[in-house]
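# Structural features, examined
The lines below spell out each chain.
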Amino acid sequence: MAKTKKPEHSFVEDFGEEYVHSPVTLQLKDIKIEPEVFQIRLKMRKDVIKAYKGAYELGADMPPVTVADLKGVYYLVDGFHRVGALIQLQKEHVTGCVITVKNVEEARWIAVKCNSIHGLQLTTKEKINAFDVYIKAKGYLKNGRKGCYKSMREIARELVFWTHVTVGNRLRKYYNPIYRKMNVTPSQYNPEPPEDIK
């Protein structure tokens, strides 16, 4: 599978071109589908699968799914509803972008990122789950370097679904050891009293 310097897919900006392959045709039987591990959404929506099924039948140009290459094994990390529609249509192939990952946590973070920037809006519980995945994947570190932390605003921009204030409040309340290591002073992000996550 040849890598491309300037693939059309936007994942190059998100993940870096050294990790991303250009969209290719993949056999569905070669992709492991483990929604309990990689699907950030709490449940699949039958109405969405039905809509995608109709779109495929009409020949619509559907976006590629995203597959994580973990030590030579392909795992579906984004496009569960599209793949569900293709399986119902008894199709054997799907167009997908392959991203090389080092571990399961990195693959799960890619799933979060994909679902944050497109597709169905995340529910409150899904946002909380997505944030927990982000923290476990050490997404708060700049370039994965220990002791080099992103700002609340940088984290909020990556997550898309929360403001920097909500990010700071959640870190302070549920991940206080990490929060304290970030050397955050209240004036840096204008904290507010803990609020219900929206």
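Okay, so let's go over this structure. (Residues numbered from 1 in each chain as written. Predicted model: local features only at pLDDT ≥ 70, side-chain atom pairs only at ≥ 80, totals over all residues. Heavy atoms only, no water.)

## Considerations on unusual backbone geometry
The cut-off we apply is this: For every residue, the accessible area obtained with a 1.4 Å probe (protein chains only) is divided by the maximum for its type, and the residue is called buried under 20%, exposed over 50%, and partly exposed between those limits.
We note that K71 has phi near 55°; this positive angle belongs to a residue other than glycine. Here K71 falls in the exposed class, since its relative accessible area comes to 75%. Phi at K138 takes a positive value of approximately 60°, unusual for a residue other than glycine.

## What about helix α7 (residues 152–159)?
As a reminder, the rule being used: Helix numbers and strand numbers start at the N terminus; a helix is a DSSP run of H or I with at least 4 residues, a strand a run of E with at least 2. What the arc describes is the spread of directions from the helix axis to the C-beta atoms.
If you check which residues of α7 are buried, you get M152, I155, A156 and L159. Down the axis of α7, the buried set is contained in an arc of 100°. They therefore lie on one face. Looking one or two residues beyond α7, the residue adopting positive phi is V160, at roughly 75°.

## Describing the packing of aromatic side chains
To keep it simple, the criterion reads: Working definition: a ring pair exists when centres of Phe, Tyr or Trp rings (six-membered ring for Trp) sit within 6.5 Å. Plane angles under 30 degrees give stacked, over 60 give edge-to-face, the rest tilted.
Taken as a whole and judged by the stated rule, the model has 6 aromatic pairs. Taking the centre distance of 5.3 Å and the plane angle of 50° together, the rings of F131 and W162 count as tilted. A residue pair is termed long-range when its members are at least 10 positions apart, and F131 in helix α6 (residues 124–136) and W162 in the loop between α7 and α8 (164–174) qualify at 31 residues. One exposure class covers both F131 and W162, and it is buried. Each ring, one from F161 and one from W162, has its centre 5.2 Å from the other, and the planes form 80°; the classification is edge-to-face.

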